[in-house]
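# Architecture and fold: a report
Here is what each chain is made of, one letter per residue.
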Amino acid sequence: MNWGIIGTGNMGTVLLNALVDSRAVDQRNIYIHNRTLLKAYRLKETYPDVHILQTVDAMAASCDIIFICTKPKDIISVANRLDQKLSEDQLVVSITSSISLDHLNHILSCQTARLIPSITNSALRGKTLLTFNDSISDEMKYILWQTSKLFSTPVEISESQVRIASDLVSCGPAFVSYLLEELIEAATSEADIGKELATELVESMMIGYGELLKQDHFDLTSLKEKVMVKGGITGVGMKGLEQSVPAGFNEVFIKTHTKFNREKVHVDEWINQII
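Residues numbered from 1 in each chain as written. Predicted model: local features only at pLDDT ≥ 70, side-chain atom pairs only at ≥ 80, totals over all residues. Heavy atoms only, no water.

Okay, the packing of aromatic side chains next. The geometry of an aromatic ring pair is captured by the separation of the ring centres together with the interplanar angle, meaning the angle of the planes. Throughout the structure, instances matching the rule amount to one aromatic pair. Between tryptophan 3 and phenylalanine 67 the ring centres are 6.1 Å apart and the planes differ by 15°, which places this aromatic pair in the stacked class. Residue tryptophan 3 is located in strand 1 (residues 3-6), and its partner phenylalanine 67 is located in strand 4 (residues 65-68); the two are separated by 64 residues in the primary sequence. Neither residue differs from the other here; tryptophan 3 and phenylalanine 67 are each classed as buried. (Phe/Tyr/Trp six-rings, centres within 6.5 Å; stacked < 30°, edge-to-face > 60°. Helix = DSSP H or I, 4+ residues; strand = E, 2+ residues; numbered from the N terminus. Buried < 20%, exposed > 50% of the residue type's maximum accessible area, 1.4 Å probe, protein only.)

A few words now on the side chain of asparagine 121. The residue asparagine 121 is located in the loop between strand 6 (111-116) and strand 7 (127-131) in this model. A relative accessible area of 0% means that asparagine 121 is categorised as buried. Polar side-chain contacts of asparagine 121 include one of 2.9 Å to the backbone oxygen of arginine 125. Here asparagine 121 is in contact with Val14, Ala18, Gly126, Lys127, Thr128, Phe151 and Ser152, once residues within four sequence places are set aside. (Polar contact = N/O pair within 3.5 Å; in protein donor to acceptor, adjacent residues only side chain to side chain. Contact = heavy atoms within 4.5 Å.)

Close contact between helix 7 (residues 162-169) and helix 8 (residues 172-190) brings their axes to 5 Å; oriented N to C, the two are set at 45°. The angle between the axes of helix 7 and helix 8 places the two elements in the oblique class. Contacts between helix 7 and helix 8 involve Asp167, Leu168 and Val169 on the former and, on the latter, Gly172, Pro173 and Phe175. Here the contact of helix 7 with helix 8 is built from residues that sort into four nonpolar, one polar and one charged. (Axes fitted to C-alpha atoms, helices over the stretch in contact; angles between N-to-C directions. Parallel < 35°, antiparallel > 145°, perpendicular 65-115°, else oblique. Nonpolar A, V, L, I, M, F, W, Y, C, P; charged D, E, K, R; others polar.)

Let us now look at the pairing of strand 5 (residues 91-94). For a regular strand, side-chain orientation follows a simple rule: the groups alternate between the two sheet faces. Of the two faces of strand 5, the one holding Leu91 and Val93 and the one holding Val92 and Ser94 are both buried throughout. Relative to strand 5, strand 4 runs parallel, the two being bridged by four bridges. Residue pairing in the sheet places isoleucine 68 in a bridge with serine 94 of strand 5. Taken together, strand 4, helix 4 (residues 72-82) and strand 5 form a β-α-β motif whose crossover is right-handed. Judged from the four bridges that link them, strand 5 and strand 6 form a sheet pairing that is parallel. Residue pairing across strands places leucine 91 opposite glutamine 111, the latter belonging to strand 6. Since strand 5 and strand 6 lie parallel, the crossover through helix 5 (residues 101-107) that links them has a hand, and here it is right-handed. (Pairing = 2+ DSSP bridges. Right-handed = clockwise from strand over helix to strand, strands pointing away.)

Dropping the structure here:
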């Protein structure tokens, strides 16, 4: 079975890393295409046996499963170019939340699915978010699910859950990184510690934190309670967080959902122009 990746930006590259490094797919069975071909060819420095194809038509002729890892408007354009070139035995997978399977099915007559990766998949960890509909066969659904298990823990989500789940799984690492950077900056401004040492301490803490959760020593609540001794310094510090953080996260989700809903309107408009 041959696998195709159209678009080798951040998430397309994450997906390529995950498929190859987990040995889910042999390099020789992976075909990639990027609008800027030089960018695609650079990946051969790391994965010399992948195939570079120069056209979307060639991807349709060569691959059984094709991931479209481009921006929303480009996904619609690529799907339109793939239309009539794919059989009902082939599968097209979107990795973008604002492109619903109904959107894809308006354009494509082949099987469709959505798989939203996370940068954590590059470490063969974390979740992947999968959405299916009636267009996909049981066999193809099984293949996509079992392949995802080799580099992640797949979770099936509905269309109504896709944005908030993506915020947590796909956007989450960026949000957490920002909070940790702010933690480091505050430490260096309020106390006698350099940024390099503060960063080393925080990164080491996060690695250990992840291991505690991974090994089921604690869940989020019990870990917090274990560290936050009643009447202790951690509790005092926690009050500062409780005064400032919660409303900030509400604002995060308001903004991501607003952009998501705006993109969905644009996608509807783009599709109407095609059909």
